[in-house]
Each structure stands twice: as C-alpha cells, then as structure tokens.
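Reading the structure
Listed below are the residues making up each chain.
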2 protein chains.
Amino acid sequence: MRRTNVEPIRKAALVNAAISEIAQAGTLDVTVGQIARRAGMSAALAHHYFGSKEALFLAAMRHVLTVYGAEVRGALALARGPRERLDAILHASFSATNFRRDVVGAWLNFYVLAQTVPEARRLLAVYQRRLRSNLVAALRPLIGAEAGPVADRIGAMIDGVYLREALGQRAPDGRSAVALVGAVVADALGMQGHRPA
Amino acid sequence: MRRTNVEPIRKAALVNAAISEIAQAGTLDVTVGQIARRAGMSAALAHHYFGSKEALFLAAMRHVLTVYGAEVRGALALARGPRERLDAILHASFSATNFRRDVVGAWLNFYVLAQTVPEARRLLAVYQRRLRSNLVAALRPLIGAEAGPVADRIGAMIDGVYLREALGQRAPDGRSAVALVGAVVADALGMQGHRPA
DNA sequence: TCGTTTATTGAGCCGTCAATCAACAAACCT
DNA sequence: AGGTTTGTTGATTGACGGCTCAATAAACGA
C-alpha cells in the first residue's frame, strides 16, 4: 500500500472545485479543465479519477447532500423536545456551511441537472423525503394530523428561500433566512385551535 | 411592404419552441438546431431572427414574464377588496398557462442563467420586485406594517412551490399549489392580534 | 417581363471540449 | 539497482455546436 493515498485528497479537491465553479458559471459553461485547474491539477487527472464530467457532478452533489444530512443529524441529536428539533432542522439548513453562495448556486444547478439525469433526480428525491420525514417527526407531537401538510409548507418555504438566495446580490444571511421560515412555523403552530380545518 | 409579415410569427414559434426544449433538456444541452427544428425551420433562420442563442433565451424569458405579468394584472383588475387581490395573485401564479411543466422548467433554467447573464438577472429582479409590490399593496389594508415581512414569506413560498414542481413526477396541480400557499396566507392573516411581534 | 425585396437554407468555418493515450516521474519493494 | 505500482500530464482526437455566408426560392412592384 502506498504511504500517501492521494486518491481521496484529489477527489475531495475536485469536488470542492466543482461546487465553486458550478455555482459561478452553471453546469452549462463550466469545463472539466476549469474545475481541474482550480483544484490544482490537469484535466486528464480529473477524468482519471471520475471517468466523466457527469460522474464528477454527481459526486459533488452527493457531497453537498451528505454534508447537509450530517449536519441535520448532528443538530437533531442535541435537541430536546419537538420545538428544539424544528429549530435544529432550520438552523442546519441555513448554517454557515450549507448556506454559502457557491453551495446554493450548486443546488440550483443540481435541480436543473435533475430534469435530465435520473441519478440526480433520485438524489434530490431522497433529500426531499428525508427533510419531510424529519419535519413530520418533529411536528407530529405538536399538531398531530396537521403535521403532514405543515411539513409540506415548511419544506417548500426552505426551498424557496434557497432559490431566492441564489439570486440575491448581498451575501447569504442565515439569520434572516431562519427568521423567515421560523415565522411560518410559528404561524402554523399558533393557529392550532383557532381554526377548525 | 410584404403582405404577410412573417417575422413576428417566426419569432413567436421560436420562443415557444425554446421554452419547451429548455424545460426538457436545460440550457446546457439544448441546441439552436433543436429549437429551430421544433419550430419548423432551420437553425440558420433562428440566428437570422435573433442573432444569437443567448438573445433567443432572453426573448423566451421575457415572453414568460410578460404573459405572467399580464395575467396577474388582468386578475387584479377584477378583484374587489384586498382579500380578492391576494387570491388573484395566487391564482394567476398557478394558472393553467403559467404552471405548466415546460414553463416551470424554463423558469428554473432562467434562474441558472441569471447567475451568469446580467440581463437575465435584471429581468428576474424586475419580476420579484413587481410580485412583492403587488403583495404588499394587497396586504397593507389587512395587516398594516406587517405587510412587508409577510409579503416576503409568501413570495418565497411561491418560488418554493414552483421549484418543487419542476422535480415532481406527476403533472403540476395548480389547485393544490394555491392551497399550499393559501394556508400560509391564512395563517399570517389569522395571527393578527394573537401575538405581539 | 424583369428587377428588387424578403424569406429561407445547406454547407462549412471556427472554436471548444470531453475523453483517450502514451509517456514520464516518483515512490515503494526486493 | 531493477522492477513494479501509482500518480500525473501534454498532446491528440473526434465530435459537436454556434454562427456566417453565399445561393436559391418566392412574392411583389413597375
């Protein structure tokens, strides 16, 4: 066995470079060469490690989803009670690591990719299912049967805030994003009992 | 002067074809040739009328935004009172013409385009400003100073529902989309007086 | 009829980019 | 040292797509 196993290092560098480049130029214009240069190696090496441009994109997407998932799980583990679980999900979604400009830009491009590439579609579907199930689990003790519909609202809201951030001219602000979604959550919880349906 | 001025006809055909093709393949893979073929003409003619691929994309984007804007204005003209104005905006946003799969797909790609092309960014910014100002105008008589923040929530919610629809496997359902956003609106309006902040 | 304007296209140039390959470099083992 | 595995790249290829252009067809006016 080699002493320095460079493969994972190279792959990680390429994945990070891909995220940045994709966010900046879109999957449309970004070339393997650009990504490789940013990662400090030749285009040939990128092909050597990932085989194809598409495979590299999917790896980048998996990485973003993995990091996000890990952060959510970590925050949930510390939460005591349903309200804290909700807060944990929101804060993880808009944390400094996930709510960065380039990551948000990459997300947007992944959505576009998902319209064509089945594997990308599958990955996004997994993310959405997990998010929904986490939300429902936290909401159920608070509002019972309403948990499903309310989870759908919050989920759409999170995606919407992400989408808008991709276009915003100023740097992403996790705090205000949490406040925005948090208001919807508070409304939905507060309405319990005030209205029949 | 020619009897039949084909130019506007050709341009409209190209714009519609572009929307469909973009939604299906993304701005990445779609070629001018594909769009032109769908519109029933040669790629050379598409270049003749629009000059460049990017100009064609922007024309398609303008068309989508124009149709949407006209529909909102039309619905607002018929509305009596703030509540009906809110409903009018929602229904126009998710009407059968705007909430079609290919149109939603095109929207998504326009967002990506806006990350690189300044003119696309400008167009999206105009759309967002108009939507917000319409929402605020309708909300102000109902909730006063809260109109601004609530409009931001509803706006993000609409975008989020659009985004999710682009990925959904079943056909877009305007009714359920209106219900989703409508619930947030109802919550926000209902909360008036129940909470201090 | 004939020239002029308008509409349209096939062919091709030019550039780009994903992917391949053969060769080189370096670390390791024996 | 010699050989083998691992890491890396420049050069090349093959394909493709945006865009141009010269040429054709058709509609019109005089």
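Now for a quick tour of the structure.

1. Side note on the overall build of chain A
Helix and strand counts for chain A stand at nine helices and zero strands. Helices and strands appear in chain A in the N-to-C order α-α-α-α-α-α-α-α-α. Taken along the three principal axes of its C-alpha coordinates, chain A extends 65 × 40 × 30 Å. Counting across all 197 residues of chain A, residues that qualify as buried make up 51%. In chain A, of all internal contacts separated by at least 6 residues, the share reaching a separation of at least 24 is 66%. A total accessible area of about 9,400 Å² is found for chain A, and carbon and sulfur atoms account for 54% of it.

2. Let's talk about the relation of the copies chain B and chain A
Here chain B sits on chain A after a turn of 180° about the axis and a move of 0.0 Å along it, with an RMSD of 0.0 Å. On this basis, the relationship between the two copies can be described by a two-fold rotation axis. Every residue of chain B has its C-alpha some distance from the rotation axis, and the shortest such distance is that of Gly160 of chain B, at 1.8 Å.

3. Digging into the environment of Ile158 of chain B
Residues and elements named next belong to chain B. With respect to the helices and strands, the residue Ile158 is situated in helix H8 (residues 147-167). For Ile158, a relative accessible area of 1% gives the class buried. Separated by 150 residues in the primary sequence, Ile158 and Pro8 place their C-alpha atoms 32 Å from one another. Sequence-distant contacts of Ile158, that is, excluding residues within four places in its chain, are made with Leu90, Ser93, Phe94, Leu131 and Val181.

4. Description of the interface of chain B and chain A
Of the residues lining the interface, 42 residues belong to chain B; the matching set on chain A comes to 41 residues. Counting the surface lost from both chain B and chain A, the interface buries some 3,700 Å², and carbon and sulfur atoms represent 63% of this. Sorting the residues of chain B by area buried against chain A places Gln115, Arg164 and Leu167 of chain B first, and these three jointly supply 20% of that buried surface. At the junction of chain B and chain A, the tally comes to four salt bridges. We note a salt bridge from Asp187 of chain B to Arg153 of chain A, for which the minimum N-O separation is 3.0 Å. The interface formed by chain B and chain A includes eight residue pairs in polar contact (both at pLDDT 80 or more). Elements supplying a minimum of two residues to the side of chain B that touches chain A: helix H1 (7-29), helix H6 (101-114), helix H7 (118-143), H8 and helix H9 (174-190) of chain B. Counting residues per element, the side of chain B that touches chain A draws most heavily on H8 of chain B, which supplies 12 residues.

5. Remarks on the environment of Gly160 of chain A
Summarising the element assignment, Gly160 of chain A is placed in helix H8 (residues 147-167). For the pair Gly160 of chain A and Glu84 of chain A, spaced 76 residues apart in sequence, the C-alpha separation works out to 22 Å. In contact with Gly160 of chain A, other than residues within four places in its own chain, are Ala156, Asp159 and Gly160 of chain B.

6. With respect to the packing of aromatic side chains
In this description, an aromatic ring pair is defined by two values, namely the gap between the centres and the angle between the planes. All names here are of chain B. What the rule picks out here adds up to 13 aromatic pairs over all chains. Following the ring pairs from residue to residue traces out a cluster consisting of Tyr68, Phe94, Phe99, Trp107, Tyr111, Tyr127 and Tyr162. The residue whose ring lies beneath Lys11 is Phe50, and the NZ or CZ to ring-centre distance is 5.2 Å.

7. Remarks on helix H6 (residues 101-114) of chain A
Structurally, the α-helix is built with 3.6 residues per turn, so residues lying three or four positions apart point the same way. For H6 of chain A, built from 14 residues, the straight-helix expectation of 20 Å at 1.5 Å per residue is met to within 8% by its first-to-last C-alpha distance of 20 Å. Among the 14 residues that make up H6 of chain A, 13 are buried, leaving the element largely enclosed by the rest of the structure.

8. Some words on H9 of chain B
Here H9 of chain B spans 24 Å end to end across 17 residues, near enough to the 24 Å set by a 1.5 Å rise per residue. Within the sequence span of H9 of chain B, burial applies to Gly174, Ala177, Val178, Val181, Ala183, Val184, Val185, Asp187, Ala188, Leu189 and Gly190 of chain B. Looking at the buried positions of H9 of chain B, the neighbouring elements they touch are H8 and helix H9 (174-190) of chain A together with helix H5 (82-93), H7 and H8 of chain B. Two to three positions downstream of the cap, the backbone nitrogen of Arg175 of chain B sits 3.1 Å from a side-chain oxygen, assigning the N-cap of H9 of chain B to Asp173 of chain B.

About the thresholds
- Residues numbered from 1 in each chain as written.
- Chains lettered and ligands numbered in written order.
- Predicted model: local features only at pLDDT ≥ 70, side-chain atom pairs only at ≥ 80, totals over all residues.
- Heavy atoms only, no water.
- Helix = DSSP H or I, 4+ residues; strand = E, 2+ residues; numbered from the N terminus.
- Buried < 20%, exposed > 50% of the residue type's maximum accessible area, 1.4 Å probe, protein only.
- Contact = heavy atoms within 4.5 Å.
- Areas by Shrake-Rupley, 256 points an atom, 1.4 Å probe, with all protein chains shown as cover.
- Least-squares fit on C-alpha atoms with pLDDT ≥ 70 in both.
- Buried area = accessible area lost by both parts, 1.4 Å probe.
- Salt bridge = Lys/Arg side-chain N within 4 Å of Asp/Glu carboxyl O.
- Polar contact = N/O pair within 3.5 Å; in protein donor to acceptor, adjacent residues only side chain to side chain.
- Phe/Tyr/Trp six-rings, centres within 6.5 Å; stacked < 30°, edge-to-face > 60°.
- Lys NZ or Arg CZ within 6 Å of the ring centre and 35° of its normal.
- Expected span 1.5 Å × (residues − 1).

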